[in-house]
Amino acid sequence: MKTYPRADERSGMVERQIRARGISNPRVLEAMREIPRHIFIPHPYDTSAYEDNPLPIGNGQTISQPYIVALMTELLDPKHDDKLLEIGSGSGYQTAILAALSQQVTSIERISSVADLARKNLAALGEKNVRIVVGDGTLGYPADAPYDGILITAATPAIPQPLIDQLAMGGRLVAPVGGREIQELVTLTRNTRGLVRASHGGVRFVPLIGEHGWADNA
């Protein structure tokens, strides 16, 4: 992979914010160390790209703090040959992490200008295994289903049934589930006996807008 500027800052981010909090998957740590978060953040906020904070990216959207990106990715546990679905492209940073760890990523973004931003940022990295689709993420993307992993990057009142339906056998879904202000990070794993749900602590995300999420004016 190409070497990008601010490598020392990324290394410090990984050691102090991510590994120190218990993230141990070596593939996740390496992806976080290599992919330049600063190119996914507009000026002047890009100067704070490697600090332990979410940051605005425009249109009322944010890029999650690095630890949360790493935590959700580790919970998803993508493999080299996995086909993934991401709900909420944002500026493309989480998408880039997933793309580095899997075979194919389809990412659904509701806001067309945000989708364009993600495409531009991912193109700058030369990512070839990503498709950004403008649409209602709560409906998923049946054309490429089933998915080995599904990552929802916005707060949903409940896990949308269309996404559950698009999860492959042995697949895992990761989502912030709860109210518009506070949620719990949930994993849903499909096995031969059904669905296994687990909770992984409290988080705060912007709301997931869509038919099976929150209403835009709620």
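Residues numbered from 1 in each chain as written. Predicted model: local features only at pLDDT ≥ 70, side-chain atom pairs only at ≥ 80, totals over all residues. Heavy atoms only, no water.

**Re the nonpolar core**
- Membership of the largest hydrophobic core comes to 44 residues, with the highest contact counts inside it found for Ile18, Ile23, Met32, Phe40, Tyr93 and Ile97.
- Within the residue set of this core, elements represented by two or more residues are α1 (7-18), α2 (26-34), β1 (55-58), α3 (66-76), α4 (93-101) and α5 (112-125).
- Residues within four places of Ile97 in sequence aside, it is in contact with Ala31, Met32, Ile35, Val69 and Thr73.
- Among the nonpolar cores identified, the runner-up in size contains 18 residues, and Tyr147, Leu163, Leu173 and Leu188 belong to it. (Core = buried A, V, L, I, M, F, W, Y, C linked by side-chain atoms within 4.5 Å. Buried < 20%, exposed > 50% of the residue type's maximum accessible area, 1.4 Å probe, protein only. Helix = DSSP H or I, 4+ residues; strand = E, 2+ residues; numbered from the N terminus. Contact = heavy atoms within 4.5 Å.)

**Thoughts on the packing of aromatic side chains**
- Across all of its chains, the model carries one aromatic pair by this definition.
- The ring of Tyr67 is capped by Arg21, whose NZ or CZ atom sits 5.0 Å from the centre of that ring.
- The ring of Tyr147 has Lys83 lying over it, and the distance from NZ or CZ to the ring centre is 5.9 Å. (Phe/Tyr/Trp six-rings, centres within 6.5 Å; stacked < 30°, edge-to-face > 60°. Lys NZ or Arg CZ within 6 Å of the ring centre and 35° of its normal.)

**Quick notes on the sheet that holds strand β5 (residues 130-134)**
- Taken together, the seven strands give an open sheet; going across it, the order is β5-β4-β3-β6-β7-β8-β9, and neighbouring strands pair in mixed fashion. Strands at the two margins of the open sheet, each flanked by one partner only, are β5 and β9 (194-203). Neighbour to neighbour, the strand axes of the sheet diverge by 15° on average, direction disregarded.
- Two strands pair when backbone bridges link them, and strand β3 (residues 83-87) and strand β6 (residues 147-152) are joined in this way by four bridges, in the parallel orientation. Considered in β6, the bridge of Leu84 is made with Gly149. (Pairing = 2+ DSSP bridges. Axes fitted to C-alpha atoms, helices over the stretch in contact; angles between N-to-C directions.)

**A look at the pattern of salt bridges**
- All told, the structure shown has eleven salt bridges when counted by the stated rule.
- Across the pair Glu15 and Arg19 runs a salt bridge whose closest N-O atoms are separated by 3.0 Å.
- Between Asp116 and Arg119 there is a salt bridge whose closest N-O contact spans 2.9 Å. Of the two residues, Asp116 and Arg119 are both situated in helix α5; the distance of three residues between them amounts to about one turn of the helix. (Salt bridge = Lys/Arg side-chain N within 4 Å of Asp/Glu carboxyl O.)

**Some points on the environment of Glu184**
- As for its placement among the helices and strands, Glu184 is situated in strand β8 (residues 183-191).
- Residue classification places Glu184 among the partly exposed residues on the basis of a relative accessible area of 31%.
- Residues Glu184 and Tyr45 lie 139 residues apart in sequence; the distance between their C-alpha atoms is 27 Å.
- Setting aside anything within four residues of it in sequence, one finds Glu184 in contact with Ala175, Pro176, Val177, Arg197, Ser199, Gly201, Gly202 and Val203.

**Side note on the packing of α2 against α4**
- Two elements in contact, α2 and α4, have axes whose closest approach is 10 Å; the angle formed by their N-to-C orientations is 130°. The angle between α2 and α4 falls in the class oblique. Seen along the crossing, α2 lies across α4 with a hand that is right-handed. For the pair α2 and α4, the contacting residues are Arg27, Val28, Ala31 and Met32 in the first and Tyr93, Ile97, Ala100 and Leu101 in the second.
- For the contact of α2 with α4, the class distribution of residues is seven nonpolar, no polar and one charged. (Parallel < 35°, antiparallel > 145°, perpendicular 65-115°, else oblique. Left-handed = near helix turned anticlockwise from the far one by under 90°. Nonpolar A, V, L, I, M, F, W, Y, C, P; charged D, E, K, R; others polar.)

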